[in-house]
Amino acid sequence: MSVLTTDKNITTQIASFIKQKVNVDADPIRKEALEDFERLGIPHAKHEEYKYTPIARVLEKNFSFTPSPASGPIGSIDQFFIKGIDADTIVFIDGVFSKDHSKISSSDVKVLNLKEAIDSKNEIALQHFGKYADFRNDSLSAWNRAAWTEGVFIHVADKVSVAKPVIIYHITNATDGEVTAFNRNLFVVGKSAQVTIIEKYDSTGKANHFSNFVTEVVVNENAGFEHYSIQNDQNNRFQRNLTQIYQKNSSRVNTYTFTLNGKFYRNNLNLILDGEGIESHMYGLYLLNGDTLADNHTVVDHMKPNSFSNELYKGILDDSSKGVFNGKIYVRPQAQKTNAYQNNRNVLLTDTASINTKPQLEIWADDVKCSHGCTTGQIDEEALFYLQSRGINKDTARAMMLYAFAGDVVDHVPNEKMKEYIDALISDRLHKDF
Amino acid sequence: MLSIKNLQAKIDDKQILNGINLEVKAGEVHAIMGPNGSGKSTLASVLAGREEYEILEGEVTFQGKDLLELSPDERAREGIFLAFQYPVEIPGVSTINFMKTALNQIRTHRGQPALDAVSFLQLMKEKMKLVEIDQSLLNRALNEGFSGGEKKRNEIFQMAMLEPKLAILDETDSGLDIDALKIVSNGVNKLRSKNNAVIVVTHYQRLLDYIVPDFVHVLYKGKIVKSGTKELALELEAKGYDWIKDEVSVG
Ligand SMILES: Nc1ncnc2c1ncn2[C@@H]1O[C@H](COP(=O)(O)OP(=O)(O)OP(=O)(O)O)[C@@H](O)[C@H]1O
Ligand SMILES: [Mg+2]
């Protein structure tokens, strides 16, 4: 490793890597995106939004951004599938759609390869693609825009309620060297339609892998959208996600972000409430250990009157793990009668674990109800003593309290099968033996 | 059953217990009285194993075992139960699940098989009746939002479930209405036998009308300064603590 590494170097390195992978000159959009990326650069340590998440250093240290040998066959991937849930499944391996492993049986949902949808001039895809995320002021999004290769386009027609959840498995085969993936997704939920989409991230092999995904979601009038993100991979996963959700009148969105294992996560989740009578809930739970870093940056942007948003993110941090939470709430001048709530609560189990939490409310309307709260504490010793004084051993007592703390988020999962699945993950993680 | 010799303990550099001596035999009821801040709850917490207190001197044996060597949960499994003066609220922990876990860990320690769901619920019903506690209370998170009296009743319910050898009741009477006081005392009396013992910490004779003590001790400035029989409590009720304080300062 060179001693003099700056973000400028890593930006240049990545730019040339992008040029090797895609023909930027053939596509004016990619060309513009690459220029934006080079202009903006990978955020350095002083960048306001990356203060506690040294992404430039992390990428420099762990990735060469040079073409690596193609991976061999991946072997069985059944282990990554969520058992006992009747769902349509889409599998990507190293960012490439795997037809063999995917299975879509529902006729009420249209699932296409986004690249093909764009190339074949699918009207809905063209109408929404690239319209919501801010690609021009965020270097990671610009990078994705310049380099993306594949992704899913899901369209639910008006009034269709999709019975089965759609699960997208993003699997990385990191057996033969470093892997990078740049997927783009587009989900369009028609008027009065309803769909649940689950994204899960896994890998095999020990090499480092980095993914930089951008997902745009449009939730039309009176539609419902439920989204799960399951981040429970090995500690060689480095990931940055942007999920940009655009909501219209009377739409309902619930998002659930569970971060359990992995090396580095930067989750950007933005909800744009461009309508009235909207209800949005954002739930997050991060149970971190080892040297995992998980950064959740969320934005709720109330643009019109009479909408409701609620955010609950909780974290338990062990070992020398690091958590970052940044929750922005914007209430625009005309968004009167907005209700917006935010709560971030953390438990630190060691002296070396840390959390940086920052609520950021910017309210331009006067007739609104907004509240936020954040707490960071240790496990409550008095409660622990109370439980122990009834004969419960210390480890069980701790597990009981932490399980209760986490359960506060899990309880909000409406899909019973998903709730069971997540409950099992958390029980296992917290060594629940009661 | 319990033998305390010259027990001295401190917290945050403040010595609270200044040499306590107490012998409790199976079948006995001991009342501990004393002015506010004299160290009654501290003694109870030290016996239950609260780690914030540092033991400076002395020894405590419980059924021949060195109690001070044991962790709070080990003490509970050996048969010590503390009904807290201020029971702790634990959000999100279901009372029933908590009780089942506690009981089964104690049973395992005693070499008894864990209770299955059905027998557990049966036992619970039985003990609920004993202390007249409502099922709806137990369906909630542990002590969360319970009224003062409900918390105290829940303590006695837990005691009934766990059947300790030595129960230490720290001001269980405070916060209870008159009917509840009778019910709870009755519950305690029904659990009394020649094999177990009770230490009641209280400020009032009222409780001792129901749970009649064999011995009454006055704790003052971290020491037992006077011991007697149940008549001592009546005398305290009538005269307050000043005469004892005077005795001590003259002493
Ligand atoms: N952390 C601490 N640091 C210093 N002093 C403490 C600490 N904790 C308790 N004390 C003191 O120890 C003394 C004994 O307290 P304790 O709770 O045992 O009294 P008590 O006899 O139970 O009183 P009450 O009748 O009011 O319940 C009090 O003066 C109290 O303020
Ligand atoms: Mg007290």
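From a predicted model like this one, the values you see are computed outputs, not experimental measurements.

> Lay out empty space enclosed by the protein with the relevant residues and their values.
All names here are of chain A. In this structure the tally under the stated criterion is five cavities of 30 Å³ or more. Estimates place the volume of the largest cavity at around 130 Å³. Forming the walls of the largest cavity are 15 residues, and the residues nearest its centre are His227, Ser229, Thr243, Thr257 and Leu269. For the lining of the largest cavity, the secondary structure elements donating two or more residues are strand E8 (194-204), strand E10 (224-232), strand E11 (237-247), strand E12 (252-261) and strand E13 (264-273).

> So what about the nonpolar core? Which residues, and what values?
Of all hydrophobic cores here, the largest spans 124 residues; its most connected members are Phe258, Met418 and Ile422 of chain A together with Leu2 of chain B. Broken down by element, this core gets its largest block of residues, ten residues, from helix H8 (residues 394-410) of chain A. Of the domains in this structure, domain 1 (77-379) and domain 2 (380-434) of chain A are the two that each give at least three residues to this core. Every residue in contact with methionine 418 of chain A, bar those within four places of it in the chain, is listed here: Ile82, Ile85, Ile198, Tyr228, Ile230 and Val413 of chain A. Within the second largest apolar cluster, 36 residues are counted, among which are Ile90, Val166, Val253 and Phe325 of chain A.

> How would you sum up the interface of chain B and chain A? Please name residues and give values.
On the side of chain A, 18 residues touch chain B, which itself brings 32 residues to the contact. Taken together, chain B and chain A are joined by two salt bridges. Note that glutamate 155 of chain B and arginine 390 of chain A form a salt bridge whose closest N and O atoms lie 2.6 Å from each other. Applying the counting rule to chain B against chain A returns ten residue pairs in polar contact (both at pLDDT 80 or more). Those elements that provide at least two residues to the side of chain B that touches chain A are helix H1 (40-48), helix H2 (72-78), strand E6 (80-83), helix H3 (95-109) and helix H6 (148-162) of chain B. Broken down by element, the side of chain B that touches chain A gets its largest block of residues, six residues, from H3 of chain B. Taken together, the residues of the side of chain B that touches chain A break down into 18 nonpolar, eight polar and six charged.

> Lay out the sheet that holds strand E16 (residues 308-317) of chain A with the relevant residues and their values.
Residue and element names in this part refer to chain A. On the basis of which strands lie adjacent, the open sheet formed by ten strands has the order E2-E1-E5-E8-E10-E12-E14-E16-E18-E20 and mixed pairing. Only two strands of the sheet have a single partner each, and these edge strands are strand E2 (96-97) and strand E20 (369-377). Pairing of E16 with strand E18 (residues 339-348), which is carried by ten bridges, proceeds in the parallel orientation. When the bridges of E18 are listed, lysine 314 appears paired with arginine 345. Contacting E12, strand E14 (279-288), E16 and E18, H8 runs over the sheet at an angle of about 155 degrees to E16. Where helix H9 (residues 416-429) meets the sheet, its contacts fall on E8, E10, E12 and E14, and the angle it forms with E10 comes to roughly 25 degrees.

> Which residues make up the layout of surface pockets, and what are the values?
Approximately 670 Å³ is the volume found for the largest pocket. In terms of lining residues, the largest pocket is bounded by 33 residues, among which Met401, Ala404 and Phe405 of chain A together with Pro91 and Gly92 of chain B are the most central. Ranked by residues supplied to the lining of the largest pocket, first place goes to H8 of chain A with nine residues. Here the lining of the largest pocket is composed, by residue class, of 16 nonpolar, nine polar and eight charged. In this structure, the lining of the largest pocket is formed jointly by two domains, domain 1 (77-379) and domain 2 (380-434) of chain A, each of which donates at least three residues. As a volume, the second largest pocket reaches approximately 530 Å³. Forming the boundary of the second largest pocket are 28 residues, of which Glu49, Asp134, Asn137, Asp138 and Asn268 of chain A lie nearest the centre. Within the residue set of the lining of the second largest pocket, elements represented by two or more residues are helix H6 (139-147), E11, E13, strand E15 (293-302) and strand E17 (322-331) of chain A.

> How would you explain helix H9 (residues 230-239) of chain B if you had to name every residue and give the values?
Residues and elements named next belong to chain B. Along H9, the residues that are buried comprise Leu232, Ala233 and Leu236. Seen end-on, H9 carries its buried residues on one side only, within an arc spanning 100 degrees. Packing partners of the buried residues in H9 comprise strand E3 (29-33), helix H8 (205-210), strand E9 (215-220), strand E10 (223-228) and helix H10 (242-250). At the C-terminal side of H9, glycine 240 shows a positive phi close to 75 degrees.

> How would you summarise helix H7 (residues 178-191) of chain B if you had to cite specific residues and measurements?
Residues and elements named next belong to chain B. The end-to-end C-alpha distance of H7, which contains 14 residues, comes to 20 Å, matching closely the 20 Å that a straight helix rising 1.5 Å per residue would cover. Among the residues of H7, Ala180, Leu181, Ile183, Val184, Ser185, Gly187 and Val188 are the ones counted as buried. Summarising the contacts, the buried residues of H7 are in contact with helix H4 (117-131), H6, strand E7 (166-170) and H8. Among the residues of H7, the N-terminal cap falls to aspartate 177, whose side-chain oxygen and the backbone nitrogen of aspartate 179 are separated by 3.0 Å.

> Describe the sheet that holds strand E2 (residues 14-24) of chain B, with residues and values.
Residues and elements named next belong to chain B. Strand order in the open sheet formed by four strands is E2-E1-E4-E5, and the pairing between neighbours is antiparallel. For this open sheet the edge positions go to E2 and strand E5 (65-66), each flanked by a neighbour on one side alone. Note that strand E1 (residues 2-11) and E2 share eight bridges and pair antiparallel. Looking at E2, one finds that isoleucine 4 is bridged to leucine 22. Along the sheet, H1 contacts E1, E2 and strand E4 (54-62); its crossing angle with E1, the most-contacted strand, is approximately 110 degrees.

> How would you sum up the coordination of the magnesium ion (ligand 2)? Please name residues and give values.
Residue and element names in this part refer to chain B. At 2.0 to 2.1 Å from the magnesium ion (ligand 2) lie its protein donor atoms, namely Ser41 (OG) and Gln85 (OE1). Pair noted here: serine 41 is in helix H1 and glutamine 85 is in the loop between E6 and H3, with a separation of 44 residues, a long-range link. The class for serine 41 is partly exposed, based on a relative accessible area of 25%. Residue classification places glutamine 85 among the buried positions, given a relative accessible area of 16%.

> Report on the packing of H3 of chain B against H4 of chain B, specifying residues and quantitative values.
Residues and elements named next belong to chain B. Interhelical geometry of H3 versus H4 gives an angle of 105 degrees and a closest axis separation of 11 Å. As far as their axial angle goes, H4 and H3 are roughly perpendicular. Counted together, Ile96, Met99, Lys100 and Leu103 of H3 and Ala117, Phe120, Leu123 and Met124 of H4 form the full contact between these two elements. Of the residues contributing to the contact of H3 with H4, the split by class is seven nonpolar, no polar and one charged.

> Any details on the site of ligand 1? Residues and values, ideally.
Residues and elements named next belong to chain B. In the vicinity of ligand 1, 15 residues are found, and the nearest of them are Ile16, Gly37, Lys40, Ser41 and Thr42. In the model, a nitrogen atom of ligand 1 is placed 3.0 Å from a nitrogen or oxygen of the aspartate 12 side chain. In the environment of ligand 1, an oxygen atom lies 2.8 Å from a nitrogen or oxygen atom belonging to the side chain of lysine 40. Of all the secondary structure elements, the ones that give two or more residues to the shell around ligand 1 are E2 and H1. Sorting elements by how many residues they give to the shell around ligand 1 places H1 first, with three residues. For the shell around ligand 1, the class distribution of residues is three nonpolar, eight polar and four charged.

Quick notes on the rules
Residues numbered from 1 in each chain as written. Chains lettered and ligands numbered in written order. Predicted model: local features only at pLDDT ≥ 70, side-chain atom pairs only at ≥ 80, totals over all residues. Heavy atoms only, no water. 1 Å grid on protein atoms, 1.4 Å probe; cavity = no way out; pocket = protein on both sides within 12 Å on 5 of 7 lines; lining within 4 Å. Points joined across faces, edges and corners; volume = space filled by probe spheres on them. Helix = DSSP H or I, 4+ residues; strand = E, 2+ residues; numbered from the N terminus. Core = buried A, V, L, I, M, F, W, Y, C linked by side-chain atoms within 4.5 Å. Buried < 20%, exposed > 50% of the residue type's maximum accessible area, 1.4 Å probe, protein only. Domains from an automatic or database assignment. Contact = heavy atoms within 4.5 Å. Salt bridge = Lys/Arg side-chain N within 4 Å of Asp/Glu carboxyl O. Polar contact = N/O pair within 3.5 Å; in protein donor to acceptor, adjacent residues only side chain to side chain. Nonpolar A, V, L, I, M, F, W, Y, C, P; charged D, E, K, R; others polar. Pairing = 2+ DSSP bridges. Axes fitted to C-alpha atoms, helices over the stretch in contact; angles between N-to-C directions. Arc of directions from axis to C-beta. Expected span 1.5 Å × (residues − 1). Donors = N, O, S within 2.8 Å, 3.2 Å for Na, K, Ca; no water. Parallel < 35°, antiparallel > 145°, perpendicular 65-115°, else oblique. Near = heavy atom within 4 Å.

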